[in-house]
Every structure is written in structure tokens, then in C-alpha cells.
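As a plain string of letters, each chain reads:
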Amino acid sequence: MGSRRVKVRSQSGKILVGDCIAELKKLPTASVDLVFADPPYNLQLAGDLMRPNNTKVDGVDDQWDKFDDFAAYDSFCRAWLTEVRRVLKPDGAIWVIGSYHNIFRLGAAIQDLGFWIQNDVIWRKVNPMPNFRGKRFTNAHETMIWAGRDRKSRVTFNYESLKASNDDLQMRSDWLFPICSGPERLKDDGGRKAHPTQKPEALLHRILIASTKPGDTVLDPFFGTGTTGAVAKRLGRKFIGIERDLDYATAADERIAKVQPLETEAIETLPSKRSEPRIPFGQILELGIIKPGRKLFGPRREVRAEVRADGTLFYDGQQASIHRLGAIVQGKAACNGWTYWHFEAEGKLKPIDDLRSEAKRQLGLGSRISI
């Protein structure tokens, strides 16, 4: 089929109407930071699904979800995944969502094609559709695969932001969200669901906060009614949507046009400590923040070491780095000296990690502390 572009009323993105593989082939190599893919699940439903009261369930029976056999489905998936891998930047990543019908086939293809899996994440639904026939467990979750373009990809992961948003606990790989419903669910002129598999914006919000930065480009090759684009625009990310159904694409454009982007300050993620400039303990001395001869203590004053001019510590006849000496005095194989050793200020012990804040200030990277 031919392709065209919906006239998107946002400078942050574009919607391409056409076959996803054909449109992917037109995109430049290594041009995308993240891909979110919600491909056909290949449900292969036979006949109508009825509720106990004999009303029909509004399930997925669209032509786009139907394939002749598993071989045809596998061939389709490997084709679009191959193109997705090509358009991803070297440190880019992909999220793919699916159900038990297709996620395992997708996982095998993802690994076969050279992607490197970071996690599988379970979306546990607060309000899943009941199993009306009573012949199996209620399908209360979907599975997402998060993978880097290859093994060497240094994918974006905003660990600190996720931990902070989760009450300072590490974010787990099981996420609890309701299915898309209420005012968020798009309806057609007849009051029916505009799209049968519309995903909740909350799910995409967490994905984009977790694995993108403001200004990144997010590609959705199965755009549907534009959940990815709506969340990307709100969070200050750019988007490319590919959708072969003009009605879906038009609905997506109308939806995204109503989204108001957040202010720049509101979308900044918590910086990763690993991405901050490295400041060794020796530089703390060079900058005069701490002086040779100063005493450092264990967290309970159980050990008292002396700072030497070369950036090492001395204790009980042994001289070594802050990390090595910290390990020795504790009888451990390794130690983070920045958190083990403490200096005294205003009658209290503070970890020497605090001294790096003053170093950052002097280097134009941070704020001053009292030492």
C-alpha cells in the first residue's frame, strides 16, 4: 500500500501512515533513541467470545491481528525487528509488549537478532477482563521485554529517578496499573472503543521516565491511537509514529494536539551518580577541601585514620587508598571508602562523600557544604 503523513499539529513528532516495515525502511540508520512496540498479538481467536449473560465481548478480531500460521507471524516480526535495530542508535533500546500468545516468540527473535535483554517486566492489571469460559486462569498480566540494541549498548536507565518516585525503594519488575478505561479511553462516533488494545498512559509514562531523556526521539511502529506520542509530547520527548490505519492515525493526531507539554524544569530526571564527573579523593586534597594530617573515622568512631598528602590514609601501620584501607580495617574484600570514612564537623560525623559536593562547587558542578 502507499504511504502518507498525517499533518501533525505538534513540532515534537510525526505520524507516518503506511505499512510499518516499508516506513521503517525509509528512516535513517541510527536515528532513534528508544522504540516502544505494541505489535499484533496473533490471538487467532476462533468465533465470538461471549459473557455469561450472552453478550459479546469486544475483543480483538481485526484483520491486522490475523496471520496464516506461526511461520508467517515469525517472519513478520523478524522483519520489523531487523529494521528497528537498524534505526536505533548504538546505545538505543526497545520495549516490546505482548501476551502469552506472542511474547515468547518475540523474545526468541529479539535474542536471535542480536538485541541484549535488560529485563522482562510484568504489567499486572488492576482490573483484568475475567475469564468468561472458566477453562483457564484469568489473564491478569502482560509481559514487556526491555532490550538494548546490542550487548555493548549503554542504555539510558534513570535508576535514581525511579527509586525516588518509589519512596526510595528500588523499582521492581512487576508494575501494577489499571487497563485503559474511563475518559482516557478513546471512543468512535458510535461510542465504541476507537482501538481495541489502547494502552494506559501511566504505563508509557513510567517507560519513558525510566529509559529516555528530555529531547530523545521515541519510535512506535504500531502507533494505534497515539498513546506513545501523547506521553512523549507531555514529557518533552520527540516521537515518530507509524500506523497503517488512517482512522487510527487521525484519532491519534487529534488526541496529541490536545496534550500540553510540561515545563522544561518539570521533566528533568534525577541525575545518575554514574554519569557524574569522577572526583577522586586525591583531588579533594589538591583543592584544599581537606588537609593532610586530618583524622578520619569509621562510622562509629571505632577506627581513626590519618590523611596523607598523596591521598592515602594511614592506620595501625598500614597505608592505602580510602577503599582499600576501609576494607582492611573491616576484614572485608572490598569497601566503598566514600561512605565508610567520616570526618568531624560541628561535633558530628559526616561521610567524606559529602566533601565531593564542595569539590563540585569549586569545579562549577555543585553547591557548597560546611566542612
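What counts, and at which threshold
Residue numbers run consecutively from 1 along every chain, following the written order of its sequence. Since the coordinates come from a predicted model, pLDDT governs what is reported: local features require at least 70, and pairs of side-chain atoms require 80 or more to be given and counted, while whole-chain, interface and lining totals use all residues. Remark: hydrogens and water are excluded; side-chain values derive from all non-hydrogen atoms of the structure. UniProt positions are given in the numbering used here, feature names are shortened, and annotations may be inferred rather than shown by experiment. In this description, a disulfide is simply a cysteine sulfur pair whose atoms lie within 2.5 Å. Going along the chain from the N terminus, every DSSP run of H or I of four or more residues is numbered as a helix, and every run of E of two or more is numbered as a strand. When accessible area is computed with a 1.4 Å probe and restricted to protein chains, residues below 20% of their type maximum are described as buried, those above 50% as exposed, and intermediate ones as partly exposed. A contact between two residues is defined here by any heavy atoms of the two lying within 4.5 Å. Between any two strands, at least two bridges found by DSSP are needed for them to pair. Looking down the strands as they point away from the viewer, one classifies a crossover as right-handed if the path from the first strand across the helix to the second runs clockwise. Any residue with an atom within 4 Å of a point lines the site, the site being either a cavity, points on a 1 Å grid over the protein atoms alone where a 1.4 Å probe fits but cannot get out, or a pocket, an open set with protein on both sides within 12 Å along at least 5 of 7 lines. Grid points are joined across faces, edges and corners, and a volume is the space filled by probe spheres set on the points. In this classification, the charged set is Asp, Glu, Lys and Arg, the nonpolar set is Ala, Val, Leu, Ile, Met, Phe, Trp, Tyr, Cys and Pro, and all remaining amino acids, among them Gly, are polar.

By the naming in an unreviewed UniProt entry, the protein chain is Methyltransferase, taken from Hyphomicrobium facile. Quoted verbatim from the Catalytic activity (unreviewed entry) heading of the UniProt record, the comment on the protein chain is "a 2'-deoxyadenosine in DNA + S-adenosyl-L-methionine = an N(6)-methyl-2'-deoxyadenosine in DNA + S-adenosyl-L-homocysteine + H(+)".

A. Looking closely at the state of the cysteines. Scanning the model with the defined rule gives zero disulfides in all. With no disulfide partner, Cys20 has as its closest neighbouring cysteine sulfur the one in Cys77, 9.1 Å distant.

B. Structural context of the environment of Gly226. With respect to the secondary-structure elements, Gly226 resides in the loop between strand 8 (217-220) and helix 6 (227-234). You can call Gly226 buried: its relative accessible area is 1%. In this structure Gly226 touches Ala252, Arg255 and Ile256, once residues within four positions along its chain are discounted.

C. How the structure looks around the pairing of strand 8. Of the two faces of strand 8, both are covered, the one formed by Thr217 and Leu219 as well as the one formed by Val218 and Asp220. Summarising the sheet, strand 3 (residues 32-37) and strand 8 pair through two bridges and their orientation is parallel. Counterpart to Val35 in the pairing with strand 8 is Leu219. Direction of pairing for strand 8 relative to strand 9 (residues 238-243): parallel, over a ladder of four bridges. Along strand 9, the bridge assignment pairs Val218 with Phe239. The β-α-β motif built from strand 8, the intervening helix 6 and the parallel element strand 9 has right-handed crossover chirality.

D. Local environment of empty space enclosed by the protein. Overall, the coordinates contain one cavity of 30 Å³ or more when judged by the stated rule. Volume-wise, the largest cavity comes out at about 30 Å³. Grouping the constituent residues of the lining of the largest cavity by class yields three nonpolar, no polar and three charged.

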